[in-house]
Amino acid sequence: MGPFDAFLSTLGNVGSSIGRYVRPSLEQLGLLKPPSVVSPLPDGYVPPPPPPTPPPRQFIPNFPQSLEAPLAQAQSPSVSSLLLSAIAKQENRNFATDAVNPVSGAAGSFQLTPITLAELQRQGFNQGNPVDPFDPYQSAAGASFYLASLLERFGGDLSLALAAYNAGPGNVQKYGGIPPFPETQNYVQSVLGMIGGE
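Residues numbered from 1 in each chain as written. Predicted model: local features only at pLDDT ≥ 70, side-chain atom pairs only at ≥ 80, totals over all residues. Heavy atoms only, no water.

1. Some remarks on the overall build of the protein chain
Part 1: Along its length, the protein chain carries eight helices and zero strands.
Part 2: Secondary structure elements of the protein chain, listed N to C terminal, follow the sequence α-α-α-α-α-α-α-α.
Part 3: When burial is assessed residue by residue, the protein chain has 32% of its 198 residues classed as buried.
Part 4: Counting contacts in the protein chain only where the partners sit at least 6 residues apart, residues at least 24 apart contribute 45% of the total.
Part 5: For the protein chain, the exposed surface amounts to about 12500 Å²; the carbon and sulfur share of it is 58%. (Helix = DSSP H or I, 4+ residues; strand = E, 2+ residues; numbered from the N terminus. Buried < 20%, exposed > 50% of the residue type's maximum accessible area, 1.4 Å probe, protein only. Contact = heavy atoms within 4.5 Å. Areas by Shrake-Rupley, 256 points an atom, 1.4 Å probe, with all protein chains shown as cover.)

2. Focus: helix α3 (residues 81-91)
Part 1: Counting buried positions along α3 gives nine out of eleven residues, so the element sits mostly inside the fold.
Part 2: For α3, the full list of buried residues reads Ser81, Leu82, Leu83, Leu84, Ser85, Ala86, Ile87, Ala88 and Gln90.
Part 3: Of the surrounding elements, those touching the buried residues of α3 are α2 (68-74), α5 (136-153), α6 (158-167) and α8 (182-195).

3. Quick notes on the side chain of Ser139
Part 1: Positionally, Ser139 belongs in helix α5.
Part 2: Judged by relative accessible area, which is 0%, Ser139 ranks as buried.
Part 3: Residues contacting Ser139, with those up to four places away along its chain left out, are Ser109, Phe110, Leu112, Asp132 and Pro133.

4. What to know about the packing of α6 against α8
Part 1: With their axes 9 Å apart at the nearest point, α6 and α8 run at an angle of 130° to one another. As judged from the angle between their axes, α6 and α8 are oblique. When the axes of α6 and α8 are compared, the crossing they make is right-handed. Here α6 contributes Leu158, Ser159, Leu162, Ala163, Tyr165, Asn166 and Ala167 to the contact with α8, which in turn contributes Glu183, Thr184, Tyr187, Val188, Val191, Leu192 and Ile195.
Part 2: Across the contact of α6 with α8, the residue classes break down as ten nonpolar, three polar and one charged. (Axes fitted to C-alpha atoms, helices over the stretch in contact; angles between N-to-C directions. Parallel < 35°, antiparallel > 145°, perpendicular 65-115°, else oblique. Left-handed = near helix turned anticlockwise from the far one by under 90°. Nonpolar A, V, L, I, M, F, W, Y, C, P; charged D, E, K, R; others polar.)

5. A few points about unusual backbone geometry
Part 1: A positive phi angle, close to 60°, is found at Asn126, a residue other than glycine.
Part 2: Considering the arrangement of structural elements, one finds Asn126 in the loop between α4 (114-122) and α5.
Part 3: Take Asn126: its relative accessible area is 33%, and that puts it in the partly exposed class.
Part 4: Of note, the phi angle at Gln127 is positive, near 60°, even though the residue is not glycine.
Part 5: If you trace the backbone, Gln127 turns up in the loop between α4 and α5.

Next comes the structure, spelled out in structure tokens:
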């Protein structure tokens, strides 16, 4: 060990000795906290339960209470009331049950078109009877049934099912995915955003 190494060793020993005297004084003055001591848990200790998980949302924010019952009744294992409420807002910003699109003829809360209504009847929905798009219960149930059929048709892909709901399943098949229509692309992104999908 050289002279410089010996000096460092001596300095370290002195510092250690000083520390033994300085530390208690600093602790007494409150300038240095003593090492924390973790007391053992008593026998039979049961940790508190975790906070409850909030229930899943049933509807989008500010959804009209008057339409909650029809959507709750219309939901299915593949189509939730949350999804239906997002579609209703995207289709009909004012949630008007008597809304009619003068161009496409789409009507009601879910803007069911004459083509969609005919398809529902063809598929045997409502026992093959015509659907009243202005009735909130029939409109919601028809939209739920139709969307469920689109989900089944497109392998459970919600984006494709929403695109088909907006632009028609024929266009989704034609383009092999979401059609390159700005309205349809915005429709899919908006609905998914409202339900927290993407």
